[in-house]
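Here is what each chain is made of, one letter per residue.
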Amino acid sequence: MSIVSSRVSSVASILKTPGSRSSLLDQPKRIRFKLPDDFRNVLLNFETGADNQMYKDLVCIIRDSNLKDNELLSLLSDVQQCITLLNERHRLLIEALLNISWTDRSLEVTTAYKRFVEELLVAHVYHSKFVMDKLIQKFKPVNSSDPEWENGKPRSEDLQRLNHVHDILQRFLHVIPMCQDVLMQSLASAYPHMSLGTHSHELYVYALLQITEYAPKIRRAILHLIVHRLVELDANASPSDIHSYEEDNEDEAMEEDGAIFNLEISQDEKLATNERKRETKHPIARTLDVCMEQMFIFIYNSCHVNEKLEIDLLKTIYNDLLNIFEELILPTCGHHVQYLLFYLCSFRTAVVEAFVKFLWQKVSNPNVPHFLRQQAVAYVVGLLARATFIPLNLLQGILAEMANWIHSYIYSQDSLECVNNDIRVHIVFYSICQGLFYLLAFRHKEIMNGRKNLLFLQGLNLNKIVSCRLNPLKVCQSAVVQNFAAVTRKYQLAYCYTVIEHNSRSNLPVYNMGNIMTITLEPFFPFDPYLLARSEQRIIHLYYNSQCMTLNVESKKTNQYEDDDDFIDESFSSDTNSHSYLEKFSYGTSPGFVHTTKRQFYVSNFVFNIRNN
């Protein structure tokens, strides 16, 4: 190794003026490190122990120097000629070579670098994990302060870097297919933590979805990894947290936009302000929003070719997502990730029919744990209640299935001399009953439209269900029960108020007996309103906002009822004399959706009383 330094003679040249001489003296000295002329000898001397210092100096030069393109080309040429010598002892040298910034170089340099990495992996497979880890780091932002992509579109410099890495990975998977597991390990270990910025996640998820294009065999594994991390984000961004964060930021934005200082702003500034308000502001929810938008785009592109739906592609992505749903989403109580299946089901009626059939098989299978059966009921009911693309025959078919299952269960219990009063024993029964009540209350306008449909509902024998000794009206959510009772009374399908009054009297506190707590089902409505502003645009036109029928809070009498044609929700105020709470309710949140520390649900109180005639 030689050090070349520029020196200036102490004697002024007669060809140069004193001014030019002083300017040369004032310039800082440039020190450049020269690469060794015989790369092979440096490696051999290191292995034999003859000269370790030259090897260390070489590693330091590669690691610390900003090599020019011609220097890097010469180095790569020397390395390729000695590729067989780069065994496990040369890990430091290989690490220094892999840390070189190369993706933004000339085409000649990037081509030579890719060739070097490929030859290294072919010659020494045991370096594959280490090389993979280094390449996957390129899927992260160069600077942690890099801003998010504008409108979700990748910047050209990011695309250039990602494309170079994908070229190497694609070639590597083609040459050594058995290294797919190594790649998945590297992808999982390098996945950004939820505390990192949104841009880190959007860049990484984008890169992972690109891998599925040239490595279809590991597509399901990659989607599993992404959804697993999205479920974690979803669990840490509860609807109540999102609402409170949005409200706090709206107050701050009003002050900044001139609520305190009466400032005039232009129309463009107003539009920009409105656009900012539509963005998700909660940090984790914003990250989830960006990633969900990428997943929606991926799902659409995976099923469509030139904007035309391809059935075979649809089946493939459905099977992948269904497997992931069963493993990751069904056992959890998330708020947004399940909309991936919701969106996919909207592509074709056969998909939603297959998905509902899969869920109902879970519900009706006694070998499935009770918790998963409850979850499956919630997903069946939530999908049928909220999706605008559900055909009426499918809705009626599920109602008939649920009613038949309930009647069979009631018959099995009636045949017993003594019924177990422990609610946990009959938890699936109560969940299905609540689902039946919920669907009839939520979609009553479609279900009960026409004489033929009313005859179908009469055949469900709802009176038998509400009056059985298991008493589902006592266990189901109060909001669901009240709306179901109003609907069935209006259409003369069942009369629930006698049972409701009896249940209310049985729950009254008794002197010296303490307060009697009513045990009800835990509320879980998986397809409640979608709160992520950017990706919501994919869902909003597929989402059904029904109006529910409730009764105004003006009287506590229980013997007078008034029929209403529309369902309305009450934003209930603590002041019952005020009429401000008698606002239109469109089931913005599902009835009974309350906040708990375990599942972090919405805080929603629903009060249903009777209006005076």
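Shown above is the structure to which this text applies.
Residues numbered from 1 in each chain as written. Predicted model: local features only at pLDDT ≥ 70, side-chain atom pairs only at ≥ 80, totals over all residues. Heavy atoms only, no water.

Asks: Help me understand the overall build of the protein in this model?
Replies: Scanning the protein from N- to C-terminus turns up 26 helices and four strands. For the protein, the residues scored as buried account for 48% of the 613 residues in total. A total accessible area of about 31400 Å² is found for the protein, and carbon and sulfur atoms account for 50% of it. (Helix = DSSP H or I, 4+ residues; strand = E, 2+ residues; numbered from the N terminus. Buried < 20%, exposed > 50% of the residue type's maximum accessible area, 1.4 Å probe, protein only. Areas by Shrake-Rupley, 256 points an atom, 1.4 Å probe, with all protein chains shown as cover.)

Asks: Help me understand the packing of helix α17 (residues 349-364) against helix α18 (residues 370-386), please; the structure alone is not making it clear to me.
Replies: When two helices pack together, their arrangement is captured by the angle between the axes and the distance separating the axes. Packing of α17 against α18 leaves a shortest axis separation of 8 Å and a crossing angle of 150°. The pairing of α17 with α18 is recorded here as roughly antiparallel in orientation. Viewed along their axes, α17 and α18 form a crossing whose handedness is left-handed. Each of V352, F355, V356, L359, W360, K362, V363 and S364 in α17 lies in contact with α18, whose residues at this interface are R373, A376, V377, Y379, V380, L383 and L384. Residues belonging to the contact of α17 with α18 are distributed by class as follows: twelve nonpolar, one polar and two charged. (Axes fitted to C-alpha atoms, helices over the stretch in contact; angles between N-to-C directions. Parallel < 35°, antiparallel > 145°, perpendicular 65-115°, else oblique. Left-handed = near helix turned anticlockwise from the far one by under 90°. Contact = heavy atoms within 4.5 Å. Nonpolar A, V, L, I, M, F, W, Y, C, P; charged D, E, K, R; others polar.)

Asks: Looking at this model, I keep getting lost on helix α11 (residues 219-235). Mind explaining?
Replies: An α-helix turns once every 3.6 residues. As a result, residues three or four positions apart point the same way. Helix length check: α11, at 17 residues, gives a terminal C-alpha distance of 24 Å against a target of 24 Å (1.5 Å per residue), a fit within 8%. R219, I222, L223, L225, I226, V227, R229, L230, V231, L233 and D234 are the residues of α11 that are buried. On its buried face, α11 sits against α9 (180-190), α10 (198-214), α14 (283-303), α15 (311-329) and α16 (339-345). (Expected span 1.5 Å × (residues − 1).)

Asks: Can you walk me through unusual backbone geometry in this structure?
Replies: Leave glycine aside and you will find that most residues have negative phi; peptide bonds, for their part, are mostly trans. Phi is positive for N306, which is not a glycine, with a value near 55°. Positive phi, close to 55°, is recorded for Q492, a residue that is not glycine. By the secondary structure assignment, Q492 is in the loop between α25 (478-490) and α26 (497-506). By relative accessible area, Q492 is classed as exposed at 71%.

Asks: Whenever I open this one, the nonpolar core confuses me. Can you help?
Replies: Inside soluble globular proteins, nonpolar side chains tend to come together where they are buried. Core analysis: the biggest nonpolar cluster contains 182 residues, and F139 and L187 have the highest contact counts within it. It is helix α20 (residues 427-442) that contributes the most residues to this core, twelve residues altogether. In contact with L187, other than residues within four places in its own chain, are I136, F139, Y204, L208, I211, I222 and L225. (Core = buried A, V, L, I, M, F, W, Y, C linked by side-chain atoms within 4.5 Å.)

Asks: Explain the pattern of salt bridges to me, please; I cannot follow it from the model alone.
Replies: Two side chains carrying opposite charge are able to pair once their charged atoms lie near each other. Under the definition given, this model contains 20 salt bridges. Notably, a salt bridge pairs R161 with D158, separated by 3.3 Å at the nearest N-O pair. In this pair, R161 and D158 are both assigned in helix α8 (residues 156-175), three residues apart and thus about one turn of the helix distant. A relative accessible area of 6% places R161 in the buried class. Take D158: its relative accessible area is 3%, and that puts it in the buried class. Among the salt bridges present, the one from R386 reaches D528, with a minimum N-O distance of 3.4 Å. Separated by 142 residues along the polypeptide, R386 in helix α18 and D528 in the segment after α26 bring together distant segments of the chain. For the pair shown, R386 and D528 are each scored as buried. (Salt bridge = Lys/Arg side-chain N within 4 Å of Asp/Glu carboxyl O.)

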